[in-house]
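# Observations on the model geometry
In case you want the letters, here they are:
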Amino acid sequence: MVDRWLKTNCLLASAVAFWLTALTPVPAIAKGISYSLALVASVQLVQESKRLMIQDARRTILAAMNQELEDLEIALHTKQQQEALYEAYGDLSPTYPKEVKEELTTSLEHLYKESSADRSDELQTSTSEGKAFYLAMKSLLEVKGETYVIENVLRLGGAQWNKGKQRLQQILNEGEKNGW
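What comes next concerns the included structure. (Residues numbered from 1 in each chain as written. Predicted model: local features only at pLDDT ≥ 70, side-chain atom pairs only at ≥ 80, totals over all residues. Heavy atoms only, no water.)

A tally of helices and strands in the chain yields seven helices and zero strands. Each helix and strand of the chain, placed in order from N terminus to C terminus, yields the pattern α-α-α-α-α-α-α. Split into buried and exposed, the 180 residues of the chain put 15% on the buried side. Long-range pairs, those at least 24 residues apart, make up 51% of the contacts in the chain with a sequence separation of at least 6. In the form shown here, the chain has an accessible surface area of approximately 14000 Å², with 60% of it arising from carbon and sulfur atoms. (Helix = DSSP H or I, 4+ residues; strand = E, 2+ residues; numbered from the N terminus. Buried < 20%, exposed > 50% of the residue type's maximum accessible area, 1.4 Å probe, protein only. Contact = heavy atoms within 4.5 Å. Areas by Shrake-Rupley, 256 points an atom, 1.4 Å probe, with all protein chains shown as cover.)

Here we come to a nonpolar patch on the surface. On the surface, a cluster of nonpolar side chains totalling about 580 Å² of accessible area is made up of Leu12, Val16, Trp19, Leu20, Leu23 and Tyr35. By residue number, the principal contributor to the nonpolar patch is helix H1 (residues 2-23), which donates five residues. Tracing the sequence through the fold places Leu23 in helix H1. (Patch = residues over 30% accessible without salt bridge, like charges linked within 9 Å, V, L, I, M, F, W, Y side chains within 5 Å. Salt bridge = Lys/Arg side-chain N within 4 Å of Asp/Glu carboxyl O.)

Further remarks concern a negative patch on the surface. A contiguous patch of negative charge on the surface is contributed by Glu68, Glu70, Asp71 and Glu73. Positionally, Glu70 belongs in helix H2 (residues 28-89). Overall, the relative accessible area of 44% leaves Glu70 in the partly exposed class. (Lys, Arg positive; Asp, Glu negative; His and termini not counted. Charge placed at Lys NZ, Arg CZ, Asp CG, Glu CD.)

The next point concerns the nonpolar core. Membership of the largest hydrophobic core is limited to nine residues, which are Tyr134, Met137, Val149, Ile150, Leu154, Leu156, Leu168, Ile171 and Leu172. Where this core is concerned, the elements lending two or more residues are helix H5 (127-143), helix H6 (146-153) and helix H7 (161-178). If one sorts the elements of this core by residue count, H7 sits on top with three residues. (Core = buried A, V, L, I, M, F, W, Y, C linked by side-chain atoms within 4.5 Å.)

Tallied over the full model, the rule gives one aromatic pair. Relative to Tyr35, the ring of Trp19 has its centre 5.1 Å away and its plane inclined at 70°; by these criteria the two rings are edge-to-face. With Trp19 in helix H1 and Tyr35 in helix H2, this pair connects stretches of sequence that are 16 residues apart. Exposure remark for Tyr35: the relative accessible area of 32% places this residue in the partly exposed category. (Phe/Tyr/Trp six-rings, centres within 6.5 Å; stacked < 30°, edge-to-face > 60°.)

If you want it as structure tokens, here you go:
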């Protein structure tokens with residue numbers, strides 16, 4: 001690598017020196033020889049420069065290919081480790097047959113949507129929770145209205161409307177009594 005650079009720089013210096021010699025006041029034969037030698041050095045310089053460029057390009061390409069191979073090796077190694085971990089631990093999430101999964105989903109939806117027969121036990125909690133519940137109910141009443149609170153929050157709409165209205169009034173009275 002250094003040899004090619006050294007040779008290229010020497011050829012460049014020779015071509016310039018012969019060209020400048022031809023421009024000085026020397027006999028015509030010396031001018032002809034100097035021009036000829038400058039031309040030969042320039043042609044050699046171009047050929048050596050091509051070789052140098054090809055060598056640099058190959059070196060750059062090889063470096064890029066080596067980097068790509070290293071990246072690919074890292075990716076393959078990571079993939080192999082993931083596969084080994086997957087084989088060792090397997091899928092940790094439970095798998096159920098389709099029928100069991102549907103039944104579990106239906107049961108959970110039913111439990112979520114089911115309105116409890118006795119909600120007064122749920123609402124009689126600690127003071128801080130009672131206060132937070134009262135303030136939330138008060139805010140919802142102002143924003144959404146009484147119907148929304150009774151049907152969606154207390155879940156006592158329809159046939160249980162009167163019971164829901166009584167429960168709402170009970171919550172509001174308790175909050176006013178406690179000064180919340």
